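# Observations on the model geometry
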Amino acid sequence: MVEAVLLDLFSLSANLQNSIQGLLCNILETIEKCSSVPAPFVYVMCCQRQGNERNSEQESLLPDLRDLQSLKKRLEVVQTSTTAAALYTIKQRLDEKDLSIVKVILPTLRKDLMKVYIDHLFTPVYQFEFEDLQVAPDCKHLQIAEPQCEEQTFSTQDVALIRSEIQTYLKTLPSLKGELTILRSSLIPGDIFLHGFTTRTGGISYIPTLSSCNLFSSPERRDPQVVVKENLRRLANAAGFNPETFHRVKIDHGNAVCVMGKTEPDSYDGIVTNQKGVTVAAPGADCIPVLFADPVRKACGAAHSGWKGTLLGVSVATVNAMVSEYGCNVKDILVVLGPSVGPCCYKLPHESAKEFHRIDPKCVRLFDSARPYIDIRRATRVLLESGGILPENIQDDSVTDQNQNITFCTACHPDKFYSHFRDGTNFGTQIGFISLKD
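Keep in mind it's a predicted model, so treat the numbers as computed, not measured. Residue numbers run consecutively from 1 along every chain, following the written order of its sequence. At least 70 in pLDDT is required for a residue's local features to be given in this predicted model, at least 80 for side-chain atom pairs to be given and counted, and no such filter applies to totals for whole chains, interfaces and linings, which use all residues. Where side-chain values are given, they derive from all heavy atoms of the structure, hydrogens and water being excluded.

## A few points about the nonpolar core
Here, nonpolar core means buried Ala, Val, Leu, Ile, Met, Phe, Trp, Tyr and Cys residues that are tied together by side-chain atoms lying within 4.5 Å of each other. Burial classification: accessible surface area is computed with a 1.4 Å probe over protein chains only, and a residue below 20% of its type maximum counts as buried, one above 50% as exposed, and the rest as partly exposed. Grouped together as the largest cluster of nonpolar side chains are 38 residues, with contacts concentrated most on Leu 87, Tyr 88 and Leu 170. Numbering of helices and strands runs from the N terminus, with a helix taken as a DSSP run of H or I at least four residues long and a strand as a DSSP run of E at least two residues long. Considering each element in turn, this core owes the most residues, 7 residues, to helix 5 (residues 83-96). Where each domain starts and ends follows an automatic or database-derived domain assignment. Counting only domains with at least three residues in this core, you end up with domain 1 (4-49 + 70-137 + 155-172) and domain 2 (182-436). By definition in these notes, contact holds between two residues if any of their heavy atoms fall within 4.5 Å. Setting aside residues up to four positions removed in sequence, Leu 87 forms contacts with Leu 6, Met 45, Met 114, Tyr 117, Ile 118, Leu 121 and Phe 122.

See below:
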């Protein structure tokens, strides 16, 4: 069932914009009488013409809607200077109400253009259906028409212009939840490597569980790639790396490792490089973002280590790749575990807990329960030490000086970190990143 109607009047001429009240009434009556499914919320997109300084546009329209009392309370007019700004504003309204199924009523010639904007600003979580709006030459009669089969074709340049408009608009949005904050390890030498672990502050993502510096987009979540890209741009500016040479692991919860400069696997949870200026990264929202640095051979890496990847030895596989590809001595490699769910909060079914118990009984608490508490950080340390990493070259939550601790529990700190365990399916993601300085 349709949950909202989006009425696109953005392309109407200036004289129609100036006399939009009557036009709006006609269209809203059409929606009430002719729309295939009544919608509880209606959003009207209008163009803010240059020089139009009316600050209460919506209020000026409402007095003419007395005959549409049932609809008036669910109507919002969004008047902006660009389509990107209007659509993003409407997206926020949809997300506030957790609406996903939208009927778009618009002039036929706007349909394919609108689809390009929607593809960039929305994810597959949302469902859109389209109806054609016909505007008669005398501007007095409007009707919803049967969908037309004609399609416009947009060149790569046209799509690039739309993407540029969207990116330009997103750059103007204020950062949410305070300034962007980066956690850094004292173990990794700052004169050779640029690195850090992000927190959730300083981005533009506004949905509560994604707010604000979410750095991962997926078809199951409401943050589109363009928003994540803007968050990454802001992070890159703050941290000092080039977002155009940024490479994030393609998660498979396994132990495959990508070597930069070689054929990229379809999926991998570890990544290594010895190229200067190339930033590699691993996400985490309970899973551990692990960073690796060899200051002798000048190589680095990142790994995403969830419970499955931990058991499969993804961290050791990343170390082994650095040894085999770059000639690193395992005793020179420094390893830092970033923010992740701690043994205070994380539980797994008993069968999975047995695997961690085999690594080290201290990795499991309340072993005889149906869902014991698991310490994936300790398991990672034990496996790394077994693989030859020196104990003093591993930084995690076992550090003596807690002022040096950056391996916080993500589930315990909702103000600082995202957590899948805590927030559910529409969760945000932080990252650990590292690169060799130029």
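What follows picks up the thread again.
## Here we look at the packing of aromatic side chains
To pair, rings of Phe, Tyr and Trp, with the six-membered ring standing in for Trp, must have centres within 6.5 Å; the planes then decide the type, stacked if under 30 degrees apart, edge-to-face if over 60, and tilted in the middle. Counted according to the given criterion, the structure contains 8 aromatic pairs. Consider the rings of Phe 122 and Tyr 126, whose centres lie 4.9 Å apart with planes at 80°: the pair is edge-to-face. Assessed through its relative accessible area of 7%, Phe 122 is described here as buried. Judged by centre distance (5.7 Å) and plane angle (15°), the ring pair of Phe 241 and Phe 246 falls under stacked. Note on Phe 241: relative accessible area 7%, which makes it buried. For Phe 246, a relative accessible area of 11% translates into the label buried. One aromatic cluster is present, formed by Tyr 88, Tyr 169 and Tyr 206 through successive ring pairs. Only Lys NZ and Arg CZ are tested; either one counts as a charge over a ring when it is within 6 Å of the ring centre and within 35 degrees of the ring normal. Sitting above the plane of the Phe 130 ring, Lys 115 keeps its charged end 5.2 Å from the centroid.

## Observations concerning the pairing of strand 11 (residues 270-273)
Neither face of strand 11 is left uncovered, since the one carrying Gly 270 and Val 272 and the one carrying Ile 271 and Thr 273 both have all their residues buried. When DSSP locates at least two bridges between a pair of strands, those strands are taken to pair. Strand direction decides the pairing type here: strand 10 (residues 257-259) and strand 11, joined by 3 bridges, are parallel. Across the sheet, Val 257 pairs through a bridge with Gly 270, a residue of strand 11. As defined by bridge partners, strand 11 adjoins strand 14 (residues 299-305) across 4 bridges and the pair is classed as antiparallel. Within strand 14, the residue paired with Gly 270 across the bridge is Ala 303.

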